[in-house]
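Spelled out from the first residue to the last, the chains are:
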Amino acid sequence: QVQLEESGGGLVQDGGSLRLSCAASGRIIGDYVLGWFRQAPGKEREFVAATRLSGVTTSYADSVKGRFTISRDNAENTVYLQMNSLKPEDTAVYFCAARSGVATTSRPSMYSDWGQGTQVTVSS
C-alpha cells in the first residue's frame, strides 16, 4: 500500500497560480504512476494529469493543457502540479492517486491509493 499526502492548496484569484505537492511513501516497488484528480461539489471526480514515476510519460485533461504542468522528484517520490492561469471553474478538491504500472490512465477506478485531498478555490 502507498500512502499519499497532498499539500499546497489554497485561495487564489482568477488568473493566479498555485503549486500542489504529493509525497508518496510506503511500498513503492517497480513502475508506479501518480495522478491528480479533482472533484467539485455535486460533480464527479475528474482526471487532471498523471505521470510515471520512473519515466517521461505524462497525460493531461484537455481542460488543463497549456495551463497545468505535472512534474516529479524521483528521489523524493514526490509529484507536483503547477497550476497557472487558474479559473473559477478549477475550484475543487484536488486528490493525488497512485497505481502500479505504466499507463497514465484517466480512469479513477484504475488507481488503488488515494490521498485525503487539498482544497483549491479560485475567486472571480
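Here's what I pulled together on the structure shown here. All values derive from a computational prediction rather than experimental measurement. (Residues numbered from 1 in each chain as written. Predicted model: local features only at pLDDT ≥ 70, side-chain atom pairs only at ≥ 80, totals over all residues. Heavy atoms only, no water.)

1. Regarding the overall build of the chain
- The helix and strand inventory of the chain stands at zero helices and 11 strands.
- For a compact globule of 124 residues, the expected C-alpha radius of gyration is about 14 Å, and the chain comes in at 13 Å, within 12% of that figure.
- With the C-alpha coordinates of the chain rotated into their principal frame, the extents come out at 45 × 25 × 25 Å.
- For the chain, contacts bridging at least 24 residues in sequence account for 58% of all contacts bridging at least 6.
- Surface exposure of the chain reaches about 6300 Å², of which carbon and sulfur atoms provide 44%.
- Once the 12 positive and 12 negative side-chain charges of the chain are each reduced to a mean point, those two points are 5 Å apart. (Helix = DSSP H or I, 4+ residues; strand = E, 2+ residues; numbered from the N terminus. Rg over C-alpha atoms; globule rule 2.2 N^0.38 Å. Contact = heavy atoms within 4.5 Å. Areas by Shrake-Rupley, 256 points an atom, 1.4 Å probe, with all protein chains shown as cover. Lys, Arg positive; Asp, Glu negative; His and termini not counted. Charge placed at Lys NZ, Arg CZ, Asp CG, Glu CD.)

2. A look at the side chain of Arg52
- Mapping Arg52 onto the fold places it in strand 5 (residues 46-52).
- Taking the relative accessible area as the measure of exposure, Arg52 reaches 19% and is therefore buried.
- In this structure, Arg52 is in contact with Asp31, Tyr32, Val33, Thr57, Arg72, Val102 and Thr104, ignoring residues within four places of it in sequence. (Buried < 20%, exposed > 50% of the residue type's maximum accessible area, 1.4 Å probe, protein only.)

3. A look at the pairing of strand 4 (residues 32-39)
- In terms of burial, strand 4 is a largely internal element, seven of the eight residues being buried.
- Bridge analysis of strand 4 against strand 5 gives six bridges, and the strand direction is antiparallel. What sits directly across from Gly35, in strand 5, is Ala50.
- The antiparallel hairpin formed by strand 4 and strand 5 contains six residues in its connecting segment, where Gly42 sits at a positive phi of about 75°. (Pairing = 2+ DSSP bridges.)

4. What to know about unusual backbone geometry
- Notably, Asn77 is not glycine yet its phi reads approximately 50°, a positive angle.
- Tracing the backbone through its elements, the reader meets Asn77 in the loop between strand 7 (68-73) and strand 8 (78-83).
- In the Ramachandran plot, Ser85 falls in the positive-phi region, its phi being about 50° despite a non-glycine side chain.
- In this fold, Ser85 is placed in the loop between strand 8 and strand 9 (92-100).

5. Digging into the pattern of salt bridges
- Per the counting criterion, the structure on display carries five salt bridges.
- Notably, a salt bridge pairs Asp31 with Arg52, separated by 3.1 Å at the nearest N-O pair. Of this pair, Asp31 sits in the loop between strand 3 (18-26) and strand 4 while Arg52 sits in strand 5; the two residues are 21 residues apart in sequence, bridging distant segments of the chain.
- According to the relative accessible area criterion, Asp31 is partly exposed, its value standing at 29%. (Salt bridge = Lys/Arg side-chain N within 4 Å of Asp/Glu carboxyl O.)

6. Examining the sheet that holds strand 1 (residues 2-7)
- Strand order across the open sheet formed by four strands is 1-3-8-7, with antiparallel pairing between neighbours. The sheet is open, and its two edges are formed by strand 1 and strand 7, each paired on a single side. Along the sheet, successive strands turn relative to each other by an average axial angle of 20°, direction set aside.
- Pairing of strand 7 with strand 8, which is carried by six bridges, proceeds in the antiparallel orientation. Looking at strand 8, one finds that Asp73 is bridged to Thr78. (Axes fitted to C-alpha atoms, helices over the stretch in contact; angles between N-to-C directions.)

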